[in-house]
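Coordinate analysis (summary)
As a plain string of letters, each chain reads:
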Amino acid sequence: MISALHGLLAGLSLIIAIGSQNVFVLRQGIRREHVLPVVAVCITSDAVLITAGAGGLGALVRAVPELVTIARWAGVAFLLGYAALAARRALRGGESLQADGSGRGSGLGAVVATALALTWLNPHVYLDTVLLLGSLAATHGAQAGQFAAGAVAGSTLWFTALGFGARKLGRVLSSARAWRVLDGVVAVTMVGVAGVLAVG
């Protein structure tokens, strides 16, 4: 149980930091648009990466650092493209859904693809889940699996709360102007994350 608790706290401490993935989940939650698939993608992806890290995949990433470099530049390109779309929505307005989920939105395939890209093209995900959590799991010896299970539980709690709890902000963001502000924040955040990735 102690190893699982350590994994839970370590996982939460890494996941809660605001990043591109969290901003996307938050936005989908506020819009009430395909929230369950988005949350499921994030939780499943984290579970796969954390389990792989605890199983020793971190050693491979350390041995072939080019993998992280490729993911880094692919992530920069994707984040800048996503930021441009969010900036266009902020400037033009009229394209965001109402908080009750009515209006025009993105298709399930496009939303899931974006969630996958924001997860798997982000090198921070590999550094946090595979390398850092994998290394921490190794220090627990035979209880590495329990540590990993705790970290996965932390990811599950966070993304579920973020995605489904965000709809409580619906009234605050019911106006078109509020949505434009939100999209502006999303655009700035994505550019900031891309800049951090670009400088390594």
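Notes on the structure in this doc start here. Given the structure is predicted, the values throughout are model-derived calculations rather than measurements. (Residues numbered from 1 in each chain as written. Predicted model: local features only at pLDDT ≥ 70, side-chain atom pairs only at ≥ 80, totals over all residues. Heavy atoms only, no water.)

1. Some words on the overall build of the chain
When helices and strands are counted, the chain shows 9 helices and 0 strands. What you see in the chain, going N to C, is helices and strands ordered as α-α-α-α-α-α-α-α-α. Considering only residue pairs separated by 6 or more positions, the chain has 88% of its internal contacts joining residues 24 or more positions apart. Of the accessible surface of the chain, which amounts to about 9,600 Å², a share of 70% is contributed by carbon and sulfur atoms. (Helix = DSSP H or I, 4+ residues; strand = E, 2+ residues; numbered from the N terminus. Contact = heavy atoms within 4.5 Å. Areas by Shrake-Rupley, 256 points an atom, 1.4 Å probe, with all protein chains shown as cover.)

2. Some details on a nonpolar patch on the surface
Side chains of Val48, Leu116 and Trp120 sit close together on the surface and give an oily, nonpolar patch of about 240 Å² of accessible area. Inspection of the secondary structure assignment puts Trp120 in helix H6 (residues 108-120). Given the relative accessible area of 30%, Trp120 is considered partly exposed. (Patch = residues over 30% accessible without salt bridge, like charges linked within 9 Å, V, L, I, M, F, W, Y side chains within 5 Å. Salt bridge = Lys/Arg side-chain N within 4 Å of Asp/Glu carboxyl O. Buried < 20%, exposed > 50% of the residue type's maximum accessible area, 1.4 Å probe, protein only.)

3. A look at the packing of helix H2 (residues 20-31) against helix H8 (residues 144-165)
Between H2 and H8, the least distance of the axes is 7 Å, while the angle of their chain directions is 40°. Judged by the inter-axis angle, H2 sits oblique to H8. Across the interface between the two elements, Gln21, Asn22, Val25, Leu26 and Gly29 from H2 touch Trp158, Phe159, Leu162 and Gly163 from H8. Taken together, the residues of the contact of H2 with H8 break down into 5 nonpolar, 4 polar and no charged. (Axes fitted to C-alpha atoms, helices over the stretch in contact; angles between N-to-C directions. Parallel < 35°, antiparallel > 145°, perpendicular 65-115°, else oblique. Nonpolar A, V, L, I, M, F, W, Y, C, P; charged D, E, K, R; others polar.)

4. Some details on the side chain of Gln28
Mapped onto the secondary structure, Gln28 falls in helix H2. Look at Gln28 and you get buried, because its relative accessible area is 3%. Among residues more than four places away in sequence, those in contact with Gln28 are Glu33, Val35, Val38 and Val111.

5. Some points on the nonpolar core
Formed by 31 residues in total, the largest nonpolar core has its most connected members in Phe24, Val25, Val38, Leu79, Phe159, Val186 and Met190. Mapped onto this core, the elements with two or more residues apiece are H2, helix H3 (35-54), helix H5 (66-92), H6, H8 and helix H9 (176-198). Per element, the largest residue contribution to this core is 8 residues, and it comes from H9. In this structure Leu79 touches Ser20, Leu118, Met190, Val193, Ala194 and Leu197, once residues within four positions along its chain are discounted. Of all hydrophobic cores here, the second largest spans 9 residues; its members include Leu133, Ala137, Phe147 and Ala148. (Core = buried A, V, L, I, M, F, W, Y, C linked by side-chain atoms within 4.5 Å.)

6. Some thoughts on H9
Look at H9: 33 Å from first C-alpha to last across 23 residues, which is about the 33 Å you get at 1.5 Å a residue. Of all the positions in H9, only Ala178, Trp179, Leu182, Asp183, Val186, Ala187, Met190, Val193, Ala194 and Leu197 are classed as buried. (Expected span 1.5 Å × (residues − 1).)

7. Notes on the packing of helix H7 (residues 123-138) against H8
As a packed pair, H7 and H8 sit with axes 8 Å apart at the nearest point and diverge in direction by 140°. Relative to H8, the element H7 lies oblique. Pair H7 / H8 crosses with right-handed handedness. Here Leu133, Leu136 and Ala137 of H7 come into contact with H8, specifically with Ala144, Phe147 and Ala151. Residues belonging to the contact of H7 with H8 are distributed by class as follows: 6 nonpolar, no polar and no charged. (Left-handed = near helix turned anticlockwise from the far one by under 90°.)

8. As for the side chain of Ser155
Here Ser155 is to be found in helix H8. According to the relative accessible area criterion, Ser155 is buried, its value standing at 0%. A polar contact is formed between the side chain of Ser155 and the side chain of Asp46, at a distance of 2.9 Å. Those residues within four positions of Ser155 in sequence are excluded, and the remaining contacts are Ile15, Cys42, Ile43 and Asp46. (Polar contact = N/O pair within 3.5 Å; in protein donor to acceptor, adjacent residues only side chain to side chain.)

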